[in-house]
Structure formats: C-alpha cells, structure tokens
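# Observations on the model geometry
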Amino acid sequence: MDAWSRLADTFLNWGYIAEVLPTMFSYGLLNTIVLALASGLIGTFLGIVLALMGISRNPVARWVARIYTDIFRGLPAVLVILVIGLGFGPLLNELTGIRSPYPLGIAALSLMAAAYIGEIFRSGIQSVDKGQLEASRALGFGYGPSMRMIVVPQGIRRVLPALMNQFIALIKESSLVFTLGLMSRERELFQIGQDFAANNGNQSPLVAAAIFYLALTIPLTHLVNYIDNRLRTGKEQKHEPDEAAAVIGKGAHA
Amino acid sequence: MSQFTSGSLTGKNLHLAFGSNKVLRGIDIHVEKGTAASVIGPSGSGKSTLLRVMNRLIEPDQGDILLDGRSVLKDNPDELRRRIGMVFQQFNLFPHKSVGENVAFALRKLRKLPKDQAWAEALDQLDKVGLKHKAGVRPATLSGGQQQRVAIARALAMKPEVMFFDEATSALDPELVKGVLALMSDLASDGMTMVVVTHEMGFSRNVSNQVVFMDGGVVVENGSPDQLFTEPKTERLQKFLSDVL
Ligand SMILES: Nc1ncnc2c1ncn2[C@@H]1O[C@H](COP(=O)(O)OP(=O)(O)O)[C@@H](O)[C@H]1O
Ligand SMILES: [Mg+2]
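First, a word on what this report is: a plain description of the structure on this page. The model shown is predicted, which means the values in this text are computed figures rather than measured ones.

This next bit is on the packing of helix α5 (residues 102-126) of chain A against helix α8 (residues 160-173) of chain A. Residue and element names in this part refer to chain A. Where α5 contacts α8, the two axes come as close as 10 Å, and the packing angle between them is 165°. Put simply, α5 runs roughly antiparallel to α8. When you trace α5 past α8, the crossing you get is right-handed. Where α5 abuts α8, its residues L109, A113, Y116, I117, I120 and F121 lie against A162, L163, Q166, L170 and E173.

As a rule of thumb, soluble globular proteins bury nonpolar side chains together. Counting 78 residues, the largest nonpolar core has L126, I152, F164, F165, M184 and M194 of chain B as its most contacted members. Per-element tally for this core: the top contributor is helix α6 (residues 174-189) of chain B, with seven residues. Excluding residues that lie within four positions of it along the chain, I152 of chain B makes contacts with V87, M163, F165, V180, L183, M184 and L187 of chain B. Counting residues in each nonpolar core, the second largest holds 55 residues, with A108, A113, I117 and V159 of chain A among its members.

Residue and element names in this part refer to chain B. Reading across the sheet, the four strands line up as β2-β1-β4-β5 and stay open at both edges, with antiparallel pairing between neighbours. Edge positions in the sheet fall to β2 (21-31) and β5 (70-71), since each of these pairs with one other strand and no more. As judged from the five bridges shared by strand β1 (residues 9-18) and strand β4 (residues 62-67), these two strands associate in the antiparallel manner. Within β4, the position partnered with H15 by the bridge is Q62.

Relative to the helices and strands, R137 of chain A resides in helix α6 (residues 130-139). Considering only alpha carbons, one finds R137 of chain A and M147 of chain A, ten residues apart in sequence, at a separation of 9.5 Å. Once residues within four sequence positions are removed from consideration, R137 of chain A is found in contact with G142, Y143 and S146 of chain A together with L57 and R81 of chain B.

With that settled, consider the site of ligand 1. Residue and element names in this part refer to chain B. Close contacts around ligand 1 come from F18, N21, V23, P42, S43, G44, S45, G46, K47, S48 and T49, and that covers them all. One of the side-chain nitrogen or oxygen atoms of N21 is found 3.4 Å away from an oxygen atom of ligand 1. Residue G46 places a main-chain N or O atom 3.0 Å away from an oxygen atom belonging to ligand 1. With the chains in place, 57% of the 560 Å² that ligand 1 exposes on its own is no longer accessible. Of all the secondary structure elements, the ones that give two or more residues to the shell around ligand 1 are β2 and α1 (47-54). When residues of the shell around ligand 1 are assigned to their parent elements, the largest contribution, three residues, is made by α1.

Definitions and cut-offs
Residues numbered from 1 in each chain as written. Chains lettered and ligands numbered in written order. Predicted model: local features only at pLDDT ≥ 70, side-chain atom pairs only at ≥ 80, totals over all residues. Heavy atoms only, no water. Axes fitted to C-alpha atoms, helices over the stretch in contact; angles between N-to-C directions. Helix = DSSP H or I, 4+ residues; strand = E, 2+ residues; numbered from the N terminus. Parallel < 35°, antiparallel > 145°, perpendicular 65-115°, else oblique. Left-handed = near helix turned anticlockwise from the far one by under 90°. Contact = heavy atoms within 4.5 Å. Core = buried A, V, L, I, M, F, W, Y, C linked by side-chain atoms within 4.5 Å. Buried < 20%, exposed > 50% of the residue type's maximum accessible area, 1.4 Å probe, protein only. Pairing = 2+ DSSP bridges. Near = heavy atom within 4 Å. Polar contact = N/O pair within 3.5 Å; in protein donor to acceptor, adjacent residues only side chain to side chain. Areas by Shrake-Rupley, 256 points an atom, 1.4 Å probe, with all protein chains shown as cover.

Written out as structure tokens, the structure reads:
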C-alpha cells in the first residue's frame, strides 16, 4: 500500500465511520449539547452576577469579582475540570449517591465560562455612553433602575456576538470531561470517537467526531457574524413615505 | 397665562470641587418663575456642572437649592429630578427604544400611567414638537434636530416645573439649530422656567429674561440681556463677548 492510500485508510475509512455514527447520533451528540448548553446557561447567569459585582460601587464586590476572574481565566481548563471533578466527586457521591461526572463537569465548565462571560458583560456595560445613565437619572430614575432598565440591556445587546463565541468555545471544551472517566452512555462525541479509534487502531472515528463538532460550530460562527453585522448596521428600517419624500426633495435641491 | 405649573429656582452659595479642582466657587443664581435665564461663559467655566448640581446629579459640597422658595436638599434626589427636566448637548435618547417609547417609558415607570395612557400622552408630546409620525421608529433614523426635539418632548412629558438646557444646539448641524431654538423660545414664551446654557448669543439676548455670565466657577455678571450685552461692566465679559460675537 502506498503512503497516500494508507493515510486515506487511517483517516477516512468509511467502514469505521459508518460504525461509529449510530452511537454518536443516539447519545454522543446530545451529551455534548447538554454539557455545552447547561454550562453556557449557568455561566451566563454567574457571568451577569460577576459583571454587576465588577461595576458595583462596593469595592469589596469589585475585588471579589476581580480575583475570581483572574483565577478562572488564568488556569488551564483541564486542570479545573480534574480538580473539581475528582476533588468533589467522592463528596457528591456520599451526599447524593450521584456517580455521574456530569454535574461536576458542568460546574467546572460553568465556573470558567462565568469568568469570561463576566468580563464580556462588564466591558459591554461599561462601553455604554455615560450620557445614557445621566439621561435616565435626569428623568428621575435612581441609579439601580437606570442601570437595570437602560444601561445593562444596551451593554448586553452589544456583546451578543462575543457571547456566542463563548458558547462555541464551550462546545469544544465540553470534550474535556472525558478526563473524569465516562461510563458508556455518558460518553460525548470526543470520547466515543476516541474509544472507537483506540479499539480499531484507526483515526477515522475521530474524524467523524470532528465533523460533528464542525457541524455545530461553523453554523454558529456564521450566526455570530450575522448578528454582529446586524447590530453594527441596525436592522433595515422601513422608510416612511415622508422620509422618502424628504430624500427626493434633497436630491431636487442639490 | 402659563401653560405650565412652573416654579422659581434658586441656587445659593453653591460650591463643588472635583478633587482639588474647584469648579463652582460660591454660585448665586435666582430664576424667577416663568422666566428664562441663559448661562453664558467660556468652556470649562462650570456651566454644565452648575446645572448638574442644581438637579443634584452631583451633590453640592456646600450651599442650598430652592425650588419655589423651598430647600430641596433634604428631598429624595430622584423625586427632585422628576420636577426638573433636562436636555443635553448629545440628546442622549435611548437608542434601543422607539421614539414613542423614549417618551412613554418614564411616564409608565415613574408617573405610573397605564400603558395606553402613557402612549397617548407620549404621542401628544411628540405632536407638540412635530414628530408624532416618528413615534414608531428608532432615534438613530432621525436627524439631530429631530432627536433633540424628541429629547425635549421626553423631558416635558414628565410635567417638570423647571427645564434645563445644556448647550442643546451645539451638536446640531447649522441648518437644524433654528428649529430647536424656535421650540425653546416657544417654551419660554409659554411660561416655562428655564435655565439655558448656550453659545447662541441671539437666544441669550432676544429670548432670555436674564443673562448669567460665568467664568472660573463664579458668576461674574448677572442681569438683563440689555445690561450685559450693551454695557458689560467687567473686562472678562467684554473680552468674552468680543470673542464670541
Ligand atoms: N465628572 C467630572 N469629573 C471631574 N472633573 C470634571 C467633571 N465634570 C467637569 N469637570 C471639570 O469641571 C470643570 C468645568 O466643567 P464644565 O462644568 O463641564 O464646564 P462648562 O460646561 O462651562 O464647559 C472643567 O475643568 C472640567 O474638567
Ligand atoms: Mg458644558
């Protein structure tokens, strides 16, 4: 066999790919989505709390948010997952009987995502023009209601693309829960690919996993670009007749 | 007859420092009910800060503020600001809300009007500034002059007793200034108590009843437009007028 066909067999053996697909479809894909979605939602919630602490007038709150963010952004994901998953696993098992590594895996992913999402929200909120807060307060709203109803919604809107990127990162990082040891049905895309690859001495199942990841992440990347453009240019407004007339009028004057 | 339940406004010996920068150094100002005072002076003299101190967006370090003769320093500052409308140089409309919602929002949340009544009142206010037909669009689709008129409608909808204008026409293209000034003149002749920080000497001279010249955080001259524009007493005002006129 020449080198080319050996490589083709290693990465694109259709027999092995066909073999692994049903497992990936029946639960691998779902498990990956559950991990990413759950940690995305929890991370977003915690991230908002961190962002609000980060811009709070209370210096203690700001410090706590700062330290938390520095720690969780500064550590390798695999280390956090192992420390939390293995470290708290026995305790969780004793207290609740749960053996699945999912709750702690999700917790670890959420805690890390929160640090990034918190920074995204904070920068978004702080990028809102100071005049917005001032105008709201001048109308008679207090500081808290002004932030809640006027400033924060604008800040969040403007960071939706960055938030989406964070979710894409979670889809990829969810593969790291394999380090906690997954039982058969707990396996997600990567672990399934990895098991089939090891059993068959062939990398094609991992290529299949890669295709699943790309099928999730590429459309999301493009959705991000779409939202980004949309936010930048504003959605197309229907021009009212008199505006159109004004434009025509301008043309006539020019 | 005044269309507004406006009140007089008094600032007494107002002091404010940002750190070591003493921006207001004992300002006394009195604006009679239903009259317009224009505040003029070089950039950095503390005009904007004076407005923000008088509606307590910034708390004064010292001095007193009276609305209709009564000190308001012990009142809830949020409630005080509902009684004083403010219009900014940069409009500061809420870009994520429609033009109508910009006006209706505070009516629902602060004046606690039911939704449809707040909307009806917002349309009414927008009608007065000639922009009722824009209620459904986002502010960004309007010209600067239109945005500023919406900002005025938003402030007036709260039924304020006093209106503040902080260089309301400075950010506008020259051809749009007139419309906004005309609206402000109408308000003045309808009896709104107004404090107008402005570089528009025409407005200051012809519309306002009183002119306050500030420089370096103090009121240097204060009097009728005729007094200040035809017989400026101080060298500082003479120099300022010769620079701007
Ligand atoms: N929020 C602020 N913090 C610190 N310094 C300020 C602030 N606002 C204004 N100042 C300072 O106060 C002085 C007067 O500013 P301002 O009231 O805006 O003057 P004007 O409106 O007459 O141009 C300036 O020196 C300015 O730098
Ligand atoms: Mg100013």
